[in-house]
Amino acid sequence: MLCNVISLHGRRTFPLKTSLTQTGKRRRMRKPENKGAARSRRQQPLKAKKIVKKVDSVLGPGKTAPNFSLNSTPDQKVSLNDFRGQPVILAFYPADWSPVCTDQLSLYAMVMPEFKKFNAELLAISVDNIWSHLAFAKDRKLNFPVLADFEPKGSISKKYGAYKEKIGESARALFVIDDKGVIRWSHLSPDGINPGADGILSALENMNKAQPAEKN
Amino acid sequence: MSGTTTVARKRTARKTLLEPTSRETAEKYQAPRLEIPVTAERDHIEGPVNASLTLVEYGDYQCPYCGAAYPEVKKVQKELGSELRFVFRNFPLTNMHEHAMNAAETAEAASAQGKFWPMHDFLYEHQATLGDSSVALGYAKKLGLDTQRFEREVAQHMYQKRIKDDFMGGVRSGVNGTPTFYVNGVRHDEDAIAKALIEALSHTK
């Protein structure tokens, strides 16, 4: 057993083929001469085709990061736009209180000095409520805001393509956003895999490398 | 009809913009690789230095899961014998485990006098006593170490930089908790039990 979140979120139900194929399927039209059993179903009006957003499609690089304003404490809100001018790391995660001695966020709390070298701010987001977040952050000694995507549930996670409708939790997704509010790197972890911090650090490094060239 | 066209266009846009990310994570998922190569000069290696199989553990002496993995690693070593070299690197989660750094320093101080592995094993076999430094000191005496030097080096945090370097190297390699194992250079995302480790080791040979 690993000392991370694999134990709780080890459900390997990652949808390779997503709901798009199911809902995108054309409703079968029966020929008039086919006097089949499903008469009542036939009489139902044809519903308009719905596009259901793919669960495994997180917003990719180059997109403007949707702004949000979420509670970090019962009476304080944190907005993405507050951090314009510096890189922001967004870490969506499924739930507080995974029953382990360390998890993704505890690791990030330890790697925080490295993130700070890039002047980056880290914001963690899940659908848990603010009281759960406060207790969780205190227990795990988290040194960054933990935001509640609580009401309407998961609405920000959905905007980033990082929400799992069936489970009702945020997906384990990471975004690195530049000082202008543009997503420069994103990553969706397969179910049960704690992504660690290496991808974030590489993305911050690559951004730093790219920036001087842009200014010239 | 124009509605369908918009739908189709939206779908194409979604495909080009978003699908590479999704495909990458869902189908082409690749576990992170060990970024810091194993070297005989720096690493603690148990088993033949040039063995064909390599198992690297990033561990924390106070972590109960590392404690649980300790006998599993012993089983793997027994099973694979001289085919395997086992490497231990420090990954103390100091914000969760108050004695983890001190324990790592204890093992490194023993290492300075050539007794890393006995001390490493002792610490995992006596995890409950980590808060009491006299226990490890007693063992250092039993091992025949220069205990004055041993105590001084621990107190002066002589090896803290090395331990922190281990930690950051682990972070860069995708260590995401403890213990994290690398089987022949690839992160082992399966269970940290002997059976799974042996299977992974023999598959990636």
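Report follows, based on the coordinates.

Definitions and limits used
Here, residues in each chain are numbered from 1, in the same order as that chain's written sequence. Whichever chain is written first is A, and whichever ligand is written first is 1; the rest continue in order. Under the rules for a predicted model, residues below a pLDDT of 70 receive no local features and side-chain atom pairs below 80 are neither given nor counted, while totals for whole chains, interfaces and linings still include all residues. Neither water nor hydrogens contribute to the side-chain values; these are computed over all heavy atoms in the structure. Helix and strand assignments come from DSSP, with helices taken as H or I runs of at least 4 residues and strands as E runs of at least 2, each series counted from the N terminus. Three labels apply to residues, based on accessible area from a 1.4 Å probe with only protein chains included: buried if under 20% of the type maximum, exposed if over 50%, partly exposed otherwise in between. Contact criterion: two residues are considered in contact whenever any of their non-hydrogen atoms come within 4.5 Å of each other. The accessible surface values rely on the Shrake-Rupley method and a 1.4 Å probe; as for residues, cover is taken only from the protein chains in view. What makes a nonpolar core is a set of buried Ala, Val, Leu, Ile, Met, Phe, Trp, Tyr and Cys residues whose side-chain atoms join them at distances within 4.5 Å. Inter-axis angles, ranging from 0 to 180 degrees, are taken between N-to-C directions of lines fitted to C-alpha atoms, where helices are fitted over the stretch in contact. Angles below 35 degrees are treated as roughly parallel, those above 145 as roughly antiparallel, those between 65 and 115 as roughly perpendicular, and all remaining angles as oblique. Each crossing gets its handedness from the near helix: less than a right angle anticlockwise from the far helix is left-handed, clockwise is right-handed. Each residue gets one label: Ala, Val, Leu, Ile, Met, Phe, Trp, Tyr, Cys and Pro are nonpolar, Asp, Glu, Lys and Arg are charged, and the others, such as Gly, are polar. Put simply, the grid is 1 Å and covers the protein atoms alone, a cavity is a trapped set of points that fit a 1.4 Å probe, a pocket is an open set with protein on both sides within 12 Å along at least five of seven lines, and lining residues have an atom within 4 Å of a point. Grid points are joined across faces, edges and corners, and a volume is the space filled by probe spheres set on the points. Paired rings are identified among Phe, Tyr and Trp, the last through its six-membered ring, by centres lying within 6.5 Å, and are further divided according to the angle between planes into stacked (under 30 degrees), edge-to-face (over 60) and tilted (the rest). Strand pairing follows a simple DSSP-based rule, namely that at least 2 bridges must link the two strands. Summarising the geometry, the arc corresponds to the directions from the helix axis toward the C-beta atoms. Throughout this description, a polar contact denotes any pair of N or O atoms lying within 3.5 Å of each other; where both atoms belong to protein, one of them has to be capable of donating a hydrogen while the other can accept it, and for residues adjacent in sequence the pair is counted only when both atoms sit in side chains. Here, the term right-handed applies to a crossover whose path from the first strand over the helix to the second runs clockwise when the strands point away from the viewer.

Focus: the overall build of chain B
Right, so step 1: Across its full length, chain B holds 8 helices and 5 strands.
Right, so step 2: In chain B, which comprises 205 residues, the proportion classed as buried is 51%.
Right, so step 3: Of all intrachain contacts in chain B linking residues separated by at least 6 positions in sequence, the fraction that spans at least 24 positions is 76%.
Right, so step 4: Of the accessible surface of chain B, which amounts to about 10,000 Å², a share of 51% is contributed by carbon and sulfur atoms.

A few points about the nonpolar core
Generally speaking, soluble globular proteins have nonpolar side chains that are buried together.
Right, so step 1: Leu55(B), Tyr61(B), Val76(B), Met119(B), Phe150(B), Phe181(B) and Leu201(B) are the most contacted members of the largest nonpolar core, which totals 44 residues.
Right, so step 2: When residues of this core are assigned to their parent elements, the largest contribution, 7 residues, is made by helix H2 (residues 64–80) of chain B.
Right, so step 3: If we ignore the near neighbours within four places in the chain, the residues touching Val76(B) are Leu55(B), Leu84(B), Ala194(B), Leu197(B), Ile198(B) and Leu201(B).
Right, so step 4: Counting 40 residues, the second largest nonpolar core, distinct from the first, contains Leu105(A), Ala203(A), Met207(A) and Leu34(B).

Here we look at the packing of H2(B) against helix H8 (residues 194–203) of chain B
Residues and elements named next belong to chain B.
Right, so step 1: Contact geometry of H2 with H8 gives a least axis separation of 8 Å together with a crossing angle of 45°. Between H2 and H8, the interaxial angle falls into the category oblique. Handedness of the crossing formed by H2 with H8: right-handed. Contact residues: Glu72, Lys75, Val76, Glu79 and Leu80 in H2; Ala194, Leu197, Ile198 and Leu201 in H8.
Right, so step 2: Class assignment for the residues of the contact of H2 with H8 results in 6 nonpolar, no polar and 3 charged.

Comments concerning empty space enclosed by the protein
Regions of empty space are outlined by a rolling probe, equal in size to a water molecule, passed over the atoms.
All names here are of chain B.
Right, so step 1: Scanning all chains against the criterion turns up 6 cavities of 30 Å³ or more.
Right, so step 2: What the second largest cavity holds in volume is close to 60 Å³.
Right, so step 3: At the level of secondary structure, the elements contributing two or more residues to the lining of the second largest cavity comprise H2 and helix H4 (116–125).
Right, so step 4: Ranked by the residues each element gives to the lining of the second largest cavity, the list is headed by H2, at 5 residues.
Right, so step 5: For the lining of the second largest cavity, the class distribution of residues is 5 nonpolar, 2 polar and 4 charged.

Let's talk about the environment of Ile177(A)
All names here are of chain A.
Right, so step 1: For Ile177, the location among the structural elements is in strand E8 (residues 173–177).
Right, so step 2: When the C-alpha atoms of Ile177 and Lys63 are compared, they prove to be 9.5 Å apart, with 114 residues separating the residues in sequence.
Right, so step 3: Not counting the four nearest positions on each side in its chain, Ile177 is found in contact with Ala65, Leu80, Gln86, Pro87, Val88, Leu90, Tyr160, Val182, Ile183, Arg184 and Met207.

Some points on the packing of aromatic side chains
Right, so step 1: Scanning all chains against the criterion turns up 18 aromatic pairs over all chains.
Right, so step 2: Pairing Tyr108(A) with Phe115(A) gives two aromatic rings, centres 6.0 Å apart and planes at 70°, and the pair type is edge-to-face. When sorted by exposure, Tyr108(A) lands in the same class as Phe115(A), which is buried.
Right, so step 3: Taking the centre distance of 5.9 Å and the plane angle of 75° together, the rings of Tyr58(B) and Tyr182(B) count as edge-to-face. Linking Tyr58(B) in strand E2 (residues 53–59) with Tyr182(B) in strand E4 (residues 180–183), this pair joins segments that are 124 residues apart in sequence. Note on accessibility: Tyr58(B) and Tyr182(B) belong to one class, buried.
Right, so step 4: An aromatic cluster is present here, built from Tyr61(B), Tyr70(B), Phe86(B), Phe88(B), Phe116(B), Trp117(B) and Tyr124(B) joined pairwise through their rings.

A look at the sheet that holds E4(B)
Residues and elements named next belong to chain B.
Right, so step 1: Pairing is mixed in the open sheet, where 5 strands are placed in the order E1-E3-E2-E4-E5. With one partner strand each, in any of the chains shown, strand E1 (44–46) and strand E5 (186–187) form the two edges of the open sheet.
Right, so step 2: Pairing between E2 and E4: 4 bridges, direction antiparallel. In the sheet register, Val56 faces E4, and the bridge partner there is Tyr182.
Right, so step 3: Against the sheet, H4 touches E1, E2 and strand E3 (84–90), its axis set at about 70° to E3.

As for helix H4 (residues 130–139) of chain A
All names here are of chain A.
Right, so step 1: The complete set of buried residues in H4 reads Ile130, Ser132, His133, Phe136 and Ala137. Along H4, the residues classed as buried sweep out an arc of 150° about the axis, all on the same side. For H4, the exposed residues lying more than 90 degrees away from the buried face are Trp131 and Lys138.
Right, so step 2: At its buried positions, H4 is contacted by strand E1 (69–73), helix H3 (104–117), strand E4 (121–126) and strand E5 (146–148).
Right, so step 3: Looking at where H4 begins, the residue whose side-chain oxygen comes 2.9 Å from the main-chain nitrogen of Trp131 is Asn129.

A few points about the pairing of E3(B)
Residue and element names in this part refer to chain B.
Right, so step 1: Extensive coverage of E3 is indicated by the burial of 7 of its 7 residues.
Right, so step 2: Going residue by residue along E3, you find Leu84, Phe86, Phe88 and Asn90 tucked away on one face and Arg85, Val87 and Arg89 tucked away on the opposite face as well.
Right, so step 3: Sheet topology note: the E1/E3 ladder contains 3 bridges and is antiparallel. Bridged to Ile45 within E3 is Val87.
Right, so step 4: Between the parallel elements E2 and E3, the chain passes through H2 in a crossover that is right-handed.

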